[in-house]
Amino acid sequence: MFRAALRLSVSGARSLTRSPPQYAAPLAARCYSHGKQETDEEFDARWITYFNKPDIDAWELRKGMNTLIGYDLVPEPKILDAALRACRRLNDLASAIRILEAVKDKSGPHKDIYPYVIQELRPTLTELGIPTPEELGIDKV
Amino acid sequence: MSLPKPVMRGLLAKRLRFHLPIAFTLSLIVAAAFKFTVTEPRKQAYADFYKQYDAMKEFNAMREAGIFESVRPSGE
């Protein structure tokens, strides 16, 4: 949260609150006062395309996830699905589980987000054989 | 039993929109309170002290006490 707070300077936050109410979602990545503001759907589609690259490499996966986590949002399940499939293509189970941990962390005090995301991702988790941190017992210190 | 979709975007912006005005207001209040309970009384105390301050009288008292080297007490 502190990282997100740093990203979102005071003036940035103020301009976000004045942004047009397109699906009431201020986008931390774009704070233009001019130019077309990207919709939530466009944002999601862009990230799904990023992770769907068939020959994505490990660096791009890490870079993509780190960038995504820096935004003032919890990624949509469909973006996470594409990221988990990218982990599968890269044979990276550790990153897949880490992504789930990151979602829980990004939710902060909002405890209803993580169970919802896991519910939406359950088919993918079963298909790809990805255990959740809770199933592994690594969610507690 | 399937969970409804919660709000997942703009959570920090929402929090800041609520807490930042409070934070700024509280800071200003604390600064104002400090100014009026500490700095202004302090400045007033100095002003009051120096309003009736007689530099020559104080100098002569110090002189008689013999602390200076450039002027000796009037007796010597």
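Residues numbered from 1 in each chain as written. Chains lettered and ligands numbered in written order. Predicted model: local features only at pLDDT ≥ 70, side-chain atom pairs only at ≥ 80, totals over all residues. Heavy atoms only, no water.

The following threshold applies: UniProt positions are given in the numbering used here, feature names are shortened, and annotations may be inferred rather than shown by experiment.
Per an unreviewed UniProt entry, chain B is named Cytochrome c oxidase subunit 6C, and its organism is Chanos chanos. Under the Sequence similarities (unreviewed entry) heading, UniProt states for chain B: "Belongs to the cytochrome c oxidase subunit 6c family." On record in UniProt, under Pathway (unreviewed entry), the comment for chain B is "Energy metabolism; oxidative phosphorylation."

If you look chain A up in an unreviewed UniProt entry, it shows as Cytochrome c oxidase subunit 5A, mitochondrial from Chanos chanos. Comment text from UniProt for chain A, heading Subcellular location (unreviewed entry), reads "Mitochondrion inner membrane".

**Brief notes about the overall build of chain B**
Inclusion rule: A run of DSSP states H or I qualifies as a helix once it reaches four residues; a run of E qualifies as a strand once it reaches two. Both are numbered from the N-terminal end. What the globule rule says is 2.2 Å times the number of residues to the power 0.38, and the radius of gyration is computed from C-alpha atoms. Burial classification: accessible surface area is computed with a 1.4 Å probe over protein chains only, and a residue below 20% of its type maximum counts as buried, one above 50% as exposed, and the rest as partly exposed. Positive residues here are Lys and Arg, negative ones are Asp and Glu, while His and the chain termini are left out of the count. Where a charge lies is defined by one atom per residue type, namely NZ (Lys), CZ (Arg), CG (Asp) and CD (Glu).
When helices and strands are counted, chain B shows 2 helices and 0 strands. Taking 2.2 N^0.38 as the reference for a compact globule, 76 residues should give roughly 11 Å; the C-alpha atoms of chain B span a radius of gyration of 31 Å, well beyond that estimate. Principal-axis analysis of the C-alpha atoms places the extent of chain B at approximately 105 × 25 × 20 Å. Residue burial in chain B is summarised as follows: out of 76 residues, 13% are buried. A gap of 32 Å separates the mean positions of the 12 positive and 7 negative side-chain charges of chain B.

**Notes on the environment of B:Asn60**
All names here are of chain B. If you trace the backbone, Asn60 turns up in helix α2 (residues 55–64). Residue classification places Asn60 among the partly exposed positions, given a relative accessible area of 32%. Expressed as a C-alpha distance, the spacing of Asn60 and Val71, which sit 11 residues apart in the sequence, is 10.0 Å.

**Overview of the nonpolar core**
Residue and element names in this part refer to chain A. Defined as follows: To form a nonpolar core, buried Ala, Val, Leu, Ile, Met, Phe, Trp, Tyr and Cys residues must be joined to one another through side-chain atoms within 4.5 Å. For this analysis, residues touch if any pair of their heavy atoms sits within 4.5 Å.
Counting residues in hydrophobic clusters, the biggest one holds 36 residues, and the most contacted among them are Phe51, Leu68, Leu84, Val117 and Ile130. Elements that contribute at least two residues to this core include exactly α3 (40–52), α4 (58–69), α5 (77–89), α6 (93–107) and α7 (113–128). Looking at this core element by element, the count peaks at 8 residues for α7. Filtering out sequence-adjacent residues up to four positions away, Leu68 remains in contact with Phe43, Trp47, Phe51, Pro75 and Ile79.

**Some remarks on the side chain of A:Glu38**
Residue and element names in this part refer to chain A. Applied cut-off: Whenever a nitrogen or oxygen atom comes within 3.5 Å of another N or O atom, the pair is scored as a polar contact, on the condition that within protein one atom can donate a hydrogen and the other can accept it, and that pairs from neighbouring residues in sequence are kept only if both atoms are in side chains.
Relative to the helices and strands, Glu38 is located in the loop between α2 (10–17) and α3. The class for Glu38 is buried, based on a relative accessible area of 13%. Of the polar contacts made by the side chain of Glu38, one reaches the side chain of Arg46; its length is 2.7 Å.

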